[in-house]
4 protein chains.
Amino acid sequence: MIIVMKPGAPKSAVDKVEELIVTKGLEAHLSQGKEVTIIGVVGNKNKLLNENIELMPFVDKIVPVTESYKLTNKKFHPEPSRIKVGDVEIGPDTLTVMAGPCAVENEEQLMTIAREVKKAGAQFVRGGAYKPRTSPYSFQGLEEEGLKYMAKAGREFGLKTICEVISAEAIDAAVKYVDMIQIGARNMQNFQLLREAGQSGLPVLLKRGLAATIDEWLNAAEYIISAGNPNVVLCERGIRTFETSTRNTLDLSAVPVIKEKSHLPIIVDPSHATGVYSYVSPLAKAAVACGADGLMIEVHNDPAHALSDGPQSLTFENFDRLMADLQGYVKLAGRTL
Amino acid sequence: MIIVMKPGAPKSAVDKVEELIVTKGLEAHLSQGKEVTIIGVVGNKNKLLNENIELMPFVDKIVPVTESYKLTNKKFHPEPSRIKVGDVEIGPDTLTVMAGPCAVENEEQLMTIAREVKKAGAQFVRGGAYKPRTSPYSFQGLEEEGLKYMAKAGREFGLKTICEVISAEAIDAAVKYVDMIQIGARNMQNFQLLREAGQSGLPVLLKRGLAATIDEWLNAAEYIISAGNPNVVLCERGIRTFETSTRNTLDLSAVPVIKEKSHLPIIVDPSHATGVYSYVSPLAKAAVACGADGLMIEVHNDPAHALSDGPQSLTFENFDRLMADLQGYVKLAGRTL
Amino acid sequence: MIIVMKPGAPKSAVDKVEELIVTKGLEAHLSQGKEVTIIGVVGNKNKLLNENIELMPFVDKIVPVTESYKLTNKKFHPEPSRIKVGDVEIGPDTLTVMAGPCAVENEEQLMTIAREVKKAGAQFVRGGAYKPRTSPYSFQGLEEEGLKYMAKAGREFGLKTICEVISAEAIDAAVKYVDMIQIGARNMQNFQLLREAGQSGLPVLLKRGLAATIDEWLNAAEYIISAGNPNVVLCERGIRTFETSTRNTLDLSAVPVIKEKSHLPIIVDPSHATGVYSYVSPLAKAAVACGADGLMIEVHNDPAHALSDGPQSLTFENFDRLMADLQGYVKLAGRTL
Amino acid sequence: MIIVMKPGAPKSAVDKVEELIVTKGLEAHLSQGKEVTIIGVVGNKNKLLNENIELMPFVDKIVPVTESYKLTNKKFHPEPSRIKVGDVEIGPDTLTVMAGPCAVENEEQLMTIAREVKKAGAQFVRGGAYKPRTSPYSFQGLEEEGLKYMAKAGREFGLKTICEVISAEAIDAAVKYVDMIQIGARNMQNFQLLREAGQSGLPVLLKRGLAATIDEWLNAAEYIISAGNPNVVLCERGIRTFETSTRNTLDLSAVPVIKEKSHLPIIVDPSHATGVYSYVSPLAKAAVACGADGLMIEVHNDPAHALSDGPQSLTFENFDRLMADLQGYVKLAGRTL
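Okay, so let's go over this structure. (Residues numbered from 1 in each chain as written. Chains lettered and ligands numbered in written order. Predicted model: local features only at pLDDT ≥ 70, side-chain atom pairs only at ≥ 80, totals over all residues. Heavy atoms only, no water.)

**Let's talk about the relation of the copies chain B and chain C**
With an RMSD of 0.0 Å, chain B superimposes on chain C once it is rotated by 180° and translated 0.0 Å along the axis. The superposition operator between the copies reduces to a two-fold rotation axis. For chain B, the smallest separation between a C-alpha atom and the rotation axis is recorded for Ala286 of chain B, amounting to 2.0 Å. Mapped onto chain C, 100% of the interface residues of chain B again fall at the interface, so both copies present the same surface. (Least-squares fit on C-alpha atoms with pLDDT ≥ 70 in both. Contact = heavy atoms within 4.5 Å.)

**Some points on the interface of chain A and chain B**
One frequently used descriptor of interface size is the decrease in accessible area upon assembly of the parts. With 44 residues of chain A at the interface, the matching set in chain B holds 44 residues. Interface area for chain A against chain B, summed over the two sides, is near 3700 Å², with a carbon-plus-sulfur share of 51%. On inspection of chain A and its partner chain B, the count reaches two salt bridges. Among the salt bridges present, the one from Arg240 of chain A reaches Glu216 of chain B, with a minimum N-O distance of 2.5 Å. Where chain A touches chain B, the interface holds 24 residue pairs in polar contact (both at pLDDT 80 or more). Listing elements by their share of the side of chain A that touches chain B, those giving two or more residues are helix H5 (191-198) and helix H6 (214-226) of chain A. Considering only residue class, the side of chain A that touches chain B consists of 18 nonpolar, 16 polar and ten charged. (Buried area = accessible area lost by both parts, 1.4 Å probe. Salt bridge = Lys/Arg side-chain N within 4 Å of Asp/Glu carboxyl O. Polar contact = N/O pair within 3.5 Å; in protein donor to acceptor, adjacent residues only side chain to side chain. Helix = DSSP H or I, 4+ residues; strand = E, 2+ residues; numbered from the N terminus. Nonpolar A, V, L, I, M, F, W, Y, C, P; charged D, E, K, R; others polar.)

**Overview of the pattern of salt bridges**
One pass over the structure, following the stated rule, counts 92 salt bridges over all chains. In this structure, Asp60 of chain B and Lys75 of chain D form a salt bridge, with 3.5 Å as the shortest nitrogen-oxygen distance. Residue Asp60 of chain B is found in strand S4 (residues 59-63), and its partner Lys75 of chain D is found in the loop between strand S4 (59-63) and strand S5 (83-85); the two belong to separate chains. According to the relative accessible area criterion, Asp60 of chain B is partly exposed, its value standing at 26%. You can call Lys75 of chain D partly exposed: its relative accessible area is 28%. Salt-bridge contacts for Lys119 of chain B lead to Glu116 of chain B; the nearest nitrogen and oxygen are separated by 3.1 Å. (Buried < 20%, exposed > 50% of the residue type's maximum accessible area, 1.4 Å probe, protein only.)

**Notes on the nonpolar core**
Ranked by size, the top nonpolar core spans 163 residues in total, and within it Leu206 and Phe319 of chain B together with Leu206 and Phe319 of chain C carry the most contacts. Counting residues in hydrophobic clusters, the runner-up holds 162 residues, among them Phe157 and Val268 of chain A together with Ala153 and Leu218 of chain D. (Core = buried A, V, L, I, M, F, W, Y, C linked by side-chain atoms within 4.5 Å.)

In short, geometric facts, not functional conclusions.
Given below as C-alpha cells:
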C-alpha cells in the first residue's frame, strides 16, 4: 500500500501518518519528492483495516499495490486449475462445450435437444429451470420439475448437466439433480448466494456481472472458494456498454486477462453476449482462438417458438456446423474436444 | 408492436407474418414503403409471447411500442404516489432525509449517530446490518444484532428506520425490527429477493443497479408491486461508467425521467454514487433542485475509523451544515423538510 | 512515480531498475514488503520519458503519483480563474447563461431569438454556424454567413457571442465576428484544433468529449493553455453510457470534481446532455445548485421546425420561466446573474 | 418511419399528424391499438427533415425504420467491397497485416522495423508521423520528415504504407508519400477531416471512435464516401467501457455486425485496444477467427525505449511467432495471407 500526500503537506502531517503506521506494527518508507511525499507501507495491511487513512489531514490518496483476492490469484497458484465434473475436465487441455436451451420447457423438448447436442459433440447439456427475467410477466421456469428432466437427459445421453440457481432453495434442489450449478450475471454480487454455492459441494460456473470489472469478478469467485469450494469456472458473457447492435458487448480480452491474473478456467457464452444467433458462431471460434477453455451455446429445436431467448439460439443444423467448424480451432489451440 | 421486414421481402414472407398475427387473434396493419414494409400489430401482444417473430424469414426487427411495466407506469397511474412509512410521507410534497452510517458497528455508535441526525432534521436513520461487500475479507455486518440496535435507535429518537436486506432470512429478521427495507444495487435483479420483499408487508426502497437502465429498474419495481406491495420508493445511487474520479456516475437525469415515466417517488444517494465526502453536499443540493423526493446520506461519528465507506461519510458538522443549506432548496422546490 | 515489482522478483531485477533510475539522475526509494517490493522514484520524471520501465523484467506496473496536466491544475493555481469576455466575467461570483439556437438558420430567426434571450437575462447568444452532424445528409450550417448574423445579433442586443469552430478555417472566420469560440465534444481530442484555438486570441469554451475522463479533459485544456491562451472555460455536456432514456448521461459530479482539481470555470449544457426539452430546466437548476459557473441552453422560436436538435430546445415561454426560476438558485449559490 | 402517439391521444391530435404527413406528399398508415395509435409513414422521409414531429401534441416518440447511411449500407450493395491499395487487396479473400511502430522515431528505426515486418509477411508498414497524444507534453511526431521515411521504407522493402492524418495539412503532405491514410479514433467525428480525406484520392482506414456506436461509425464512413471516395476500410480498435484491465475493450462482435450491415472491409487493431503486448497475439487470432479482413499490429525493435506506446508493441520475435501462428487461422478462414 502506498500513501500519497498532497503537495505542500507539512512535516507534522507526514509524521502523523508515519506514526499511525508504526503504532499498528507496520513499517513506513518515505520518498520525499519535489512535489509530493509518498509513503510505502510494508507489513500486513489488515492491521490498517479500520483506519481510513485517506481522511487524515494532507493525505491525497491511497494506492493499493496488491490484489484483494488471494485464493483465485495466479500469483499464489501459478498452475492453471483443472476442474473435474465427473469424467469431464475443464481446463487448459480441453475444450468443454455446454449446450442446450435457455429454458427447460418440457420433457420432450429437453430430451430432443440433449440427444442432438450429444451427437454434435457437446459434453454438457445446459438448461434453465429457474429463470431470472427482466419482466415479472415473462416465463419464469419449471423449477424442480425442470431439474428432473435435466437429470434424466444427463443419464440417458451420457451428458453432464448444468443449471442456473437463483436462491438457496434452488441450490438445495439442484444438488439432487445436476452435476454443476451456475450463478448468473445478475447474481454475481449476490454474496449470500455465492456463499451458499460455496457450501453446496457442486462445481460452480460463475458468470461475469454486466457491470463487473475483472477484479470484482475474481473477488466474487473468492467468496465461493473461501466458503470451501475450489471448483469454480468463470464464464464471460458480455458486459454492458453503449453499443446496441448486440445485447451486450462480449469482452474477449477478458480471456487472456484472466489467464494472466488467475488460475481458474474461463469459458465464453456468445449467445447471451450478442443476443443474435448469427453472431454466435464467429464469436465462438474467436473465443477458442484467444484461449477460452470452453463454450456455452444456446441450442433449440425450434427457436421461433422458444419460451426464452429464441433469437439467440442456434438450430440443430447451425450447431452441428459450428461444432464441425470448431475442430480446426480446437486443434490449433492444442486442446481436445 | 411493429414488425419491420427486410428490404426486398417477398409478398409471401409478409403474408406469412400477417397470417400468424391473424391466427393468434390480433390485427395486422401493413405499411408498404418504398424500401421496406412495416406491420403494425394491434391487440393483446401476450398472445404472441411464444412466437419469436424476428426469426421468421425476411423479418428485420421487432420494435416494441409499449413498455413492459404496467403497475409502475405513469400512463396508467398519472398521480404521483405518496408512500407512508408511519407518519412520514415520501412523495411530491416532502423532502425525506435518510441518514446514518454505512454499517451498524455497535450500539453506542448507532445511538450517537441517530441522536445527531435527528437533531439535524432527518426523518430516517439508515444503517447496514447485512453488508454486501466486494471482498469476502471485508466486514460483513452485525446481522440481527444490528437490527435490534436500529429498532432501539428508532424508538429512542423518534426516527423511522431503514436497513438493507440481502436474503429471505434477512427480510424475516428485518420485519421484526425496522420500518422500511432496502434492496441494494447489487440485488436489483435478484428477482427472488424482489418477490420476497414484495411479500414482506414493509415499504421497500429499491436502489438502481450499477448497470441497470431506467426501464429495467422500473421492471424490477414491477416485481415487488406485482407480488402485492405497492409501497416502493426508487433510489438513484450512481451507474457504472468509464469515469474514475467518482466511484460511480450519479445520473441525476434519472430524476426527471422517472417523474415522466412513473408515479413512484425517487430519492438520491450521493454518498455511494461519488464515494467522496466532499462531493456529497453539492450533489445533494442538486438532487433537490432537480426534483428528488428525498436523500440518503451517509453520516458517521468518526469517518476515519468507520468499518465501511468512511471516505464518503459526512461528519456531524458537515451533515448539520448540509441540512441547514438544504432549507433554501427545499423551499424553492415547494416541499417541506 | 512508483514502480511495483512482481512477487518473487529477484534482487538482480530490482537492482536493474534502481540502476536505471540512478543513471538518469533520479533517486530510488525501496520499500521491501512481504509480498512485493515497491520503488518510489524521486526527481523530474521527464528524464524517464523514453524508458518504458513496465517492460523491464519482473516489473508489475507503474503507478503515476502526479497529474500530467500542470497549467490547468489547481495544485499550482489555487485561486479560481475568472475569464473575462468583454464586460462579462465567467467565474465564482457570477452565473453566466449562454442561450440560443443549436444552428443559425437565417438572420431573422437569430435576431428574434437573440432579442428574447437578452430580455430573459442571458449574457451570451449562442448559435452554430458550422455544425458537426452525425450524418452527412443533415444540415451542416451557414458557415461565415451565420457568423455575420451572430455579430449583428451581439451588437444589436448587447450580447456576447459564442460559436463552435470545427477547423482552422472556421477559427480564422470566427475571430472576425464572435467573442468566444467553442470546441465541441467530438473535437475535444482534435489536438490540432486545440492548438489553433490556443493561438486564436479568443476565450475558448471546451466541451467534454463523450468518452473523455475528467483527466483527459483537463489535458485537452492544457493543449489550449500551453499554446498561449489561458482563457479556457470547461463545459460538461453529458457522457456516453448504456442509458438510453437521455441522449447522453449528464455527469453533474464533474462540477465538484473540476472545482477540486482545477481553477478553470465550468458551465453545464443540459440541452445536449439530455436531448429532451422537458429535462432541461430541472437539470439546469441542479447544475447551479452543485456549483456550476454557468449554463448553455438551447432556445428556439419554433422548436417544431428547428433545423437541428429541435426536440431539446426550449420555447421562449419555457426559457423565460427557467430564467425566473433560476433566480432563487443563483442567490443560494451566492452568485449574481 | 413510425410515429407512436401517447395513450389517450385525441383523434384531433392524430389527425394533425396525419395531415402534416399528407401535406408533405407522403402516406400515413394508421394502426389503432387498444393502448396506443401508431402511424407508419411511407415515402421519402427527407421531406420531413424540417419537421420535428416528436414535438407535436400527444406524439410519444418517433421510431426510425431505415438507417441514415446509404453508401456504406449492405442493403444497397450486397457484395463485400474489395479495396485495392496498389497490388494489395483488402477484402473477403485475403488477410491484410499492417505492422510497424506507433510513432516513426527516426529513419534507422523505421527501416529496421520495416525490414522485419516484411520478412514476417506483413503487406503494409504502419507508422505515425503526426501523433495525437493525450498530453501536450508527449512526443508529437516527426511530421513530414516521418512521411519521407515511410515512403523510403515502402519502396525499399516492397511494402504498402499507411499513416495517420490529423489535419488538412497532414493530408496534403501524406498524399505525396504514402499509399493509404488513416483517420484515428479521436477524429472519427471530425467531419471536416472526413470530408478532406474523402477528397484526397487515397484509400482511407477509418478507426472506430472510443464512444462511437456502429451506426455512427458507418455514418462517419458515409462522409468519406459521399465526398467521392469509395475506398474505405474500417478498423475496430476498442471502445471505452468501465473495465480497466485493458486500455479499451476490444469489441470483436463489431466484426460480424459490420459484415451484416455493410459491404466495407473491417480490420482489427488489438494493440491499441488492449495496451498490453501479451494480449495482442490471442486477440489477433480471435479477430481472424471471427471474420476480420486484416490486422493492424504495433511492432517495435526496442519496445522498452519506444517513444510512444512501447508497452503494447510486439518485439520482432513475438511478431514472427504471431505471423507463424496466424497461418492456421487464415487457412481456416478460407483466406490467403
